[in-house]
Each structure stands twice: as structure tokens, then as C-alpha cells.
Amino acid sequence: MMMSHKEQVWRDAFRLDDLSEIDGNFLLAIAAAKKEFDGYSQGKWDLKNYIIWLNISENGEFACISLIPKIDEMVGGIFFEIPYRGLYKYGRGYNFYFRLEDTELLEVVGMR
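Quick look at the structure, then.

What counts, and at which threshold
- Residues numbered from 1 in each chain as written.
- Predicted model: local features only at pLDDT ≥ 70, side-chain atom pairs only at ≥ 80, totals over all residues.
- Heavy atoms only, no water.
- Pairing = 2+ DSSP bridges.
- Helix = DSSP H or I, 4+ residues; strand = E, 2+ residues; numbered from the N terminus.
- Axes fitted to C-alpha atoms, helices over the stretch in contact; angles between N-to-C directions.
- Phe/Tyr/Trp six-rings, centres within 6.5 Å; stacked < 30°, edge-to-face > 60°.
- Buried < 20%, exposed > 50% of the residue type's maximum accessible area, 1.4 Å probe, protein only.
- Polar contact = N/O pair within 3.5 Å; in protein donor to acceptor, adjacent residues only side chain to side chain.
- Core = buried A, V, L, I, M, F, W, Y, C linked by side-chain atoms within 4.5 Å.
- Contact = heavy atoms within 4.5 Å.

## A short note on the pairing of strand E1 (residues 50-56)
Where E1 and strand E2 (residues 62-69) come together, 7 bridges link them in antiparallel fashion. Within the sheet, the bridge partner assigned to Tyr-50 lies in E2 and is Pro-69.

Given below as C-alpha cells:
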């Protein structure tokens, strides 16, 4: 069966040898971080306006999922935004720290 050009283009994108592997527990922590974020944002902050950083501890027991608003300015390696009339362009950023074994939320650190 012939594939359409559009179908061929997206399938060809996966022929690279650049695979990433995560444990199922990490995926559960990502889902839990999204749920926590939704609670904080109350549906007002679109994740399309965020950068997501994923970090697993060296021993593999803990994870940090960071949801950071896309901000153009960085000062000393830290994202920095000046609010306009007391409002930021996007919402707040958060770091969610989890124990992977049982997806226990250990700490939430809000940014700004």
C-alpha cells in the first residue's frame, strides 16, 4: 500500500537513531505534575506557552518536572519577566518534585 507524501514525511522523521527512554513511573509523575499544574492555573494558563524541563535524580528515585512560562529574557541564567500593570504575560512557573516509586508529590516550588 502506497503512503501519501504527508504520511511519508512524518514517518521518516522517526528513522533517526535518537531514542529517549523513560520509566513508566516517570510518565505517571509527568501526568501528576500536569494535574497539579491544572489545579494551580485553574485552566487559565495554556501549556502551549510553557517550556517543560524533566529531570531524574542520579539514583533514579526522584523526579522534578518544571513547567516554565516561555519568557524571552534571562538574567544570570534565570528567566525574568517584568509584569505589565501587575500582570505577567503568561502564568506562574512551578517545579514539582516526586518520589517515582509511588508518585508521591514531595514539594511544589512556585516561581515568581
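## Some thoughts on the sheet that holds strand E6 (residues 104-110)
Pairing within the open sheet is antiparallel, and its 4 strands lie in the order E1-E2-E5-E6. In this open sheet, the two edge strands, each paired with only one partner strand, are E1 and E6. Along the sheet, successive strands turn relative to each other by an average axial angle of 15°, direction set aside.

## Digging into the packing of aromatic side chains
Inspection of the entire model under this criterion finds 6 aromatic pairs. Judged by centre distance (6.4 Å) and plane angle (25°), the ring pair of Trp-45 and Tyr-94 falls under stacked. Of this pair, Trp-45 sits in the loop between helix H2 (24-41) and E1 while Tyr-94 is found in strand E5 (residues 94-99), placing the two residues 49 residues apart along the sequence. Residue classification places Tyr-94 among the buried positions, given a relative accessible area of 5%. Ring geometry for Tyr-94 versus Phe-96: centroids 5.8 Å apart, planes at 25°, classification stacked.

## Considerations on the environment of Ile-65
Residue position: Ile-65 is located in strand E2. Take Ile-65: its relative accessible area is 2%, and that puts it in the buried class.

## Topic: the environment of Asp-38
In this fold, Asp-38 is placed in helix H2. One polar contact links Asp-38 to Lys-34, side chain to side chain, over a distance of 2.6 Å.

## Description of the nonpolar core
Formed by Phe-26, Ala-29, Ala-33, Phe-37, Tyr-50, Ala-63, Ile-65, Leu-67, Tyr-94, Phe-96, Phe-98 and Leu-100, the largest nonpolar core amounts to 12 residues. Contributions of two or more residues to this core are made by H2, E2 and E5. Ranked by the residues each element gives to this core, the list is headed by H2, at 4 residues. Each residue touching Leu-100, except ones within four places of it in the same chain, is listed here: Asn-25, Phe-26, Ala-29, Ile-56, Gly-60, Glu-61, Phe-62 and Ala-63.

## So, the pairing of E5
By the bridge criterion, 6 bridges tie E2 to E5 in an arrangement that is antiparallel. Bridge pairing in E5 links Ala-63 to Phe-98. Where E5 meets E6, 6 bridges bridge the pair, whose relative direction is antiparallel. Within E6, the residue paired with Tyr-97 across the bridge is Glu-107. Following E5, the chain reverses through 4 residues before pairing antiparallel with E6; Thr-103 in that reversal takes a positive phi of roughly 55°.

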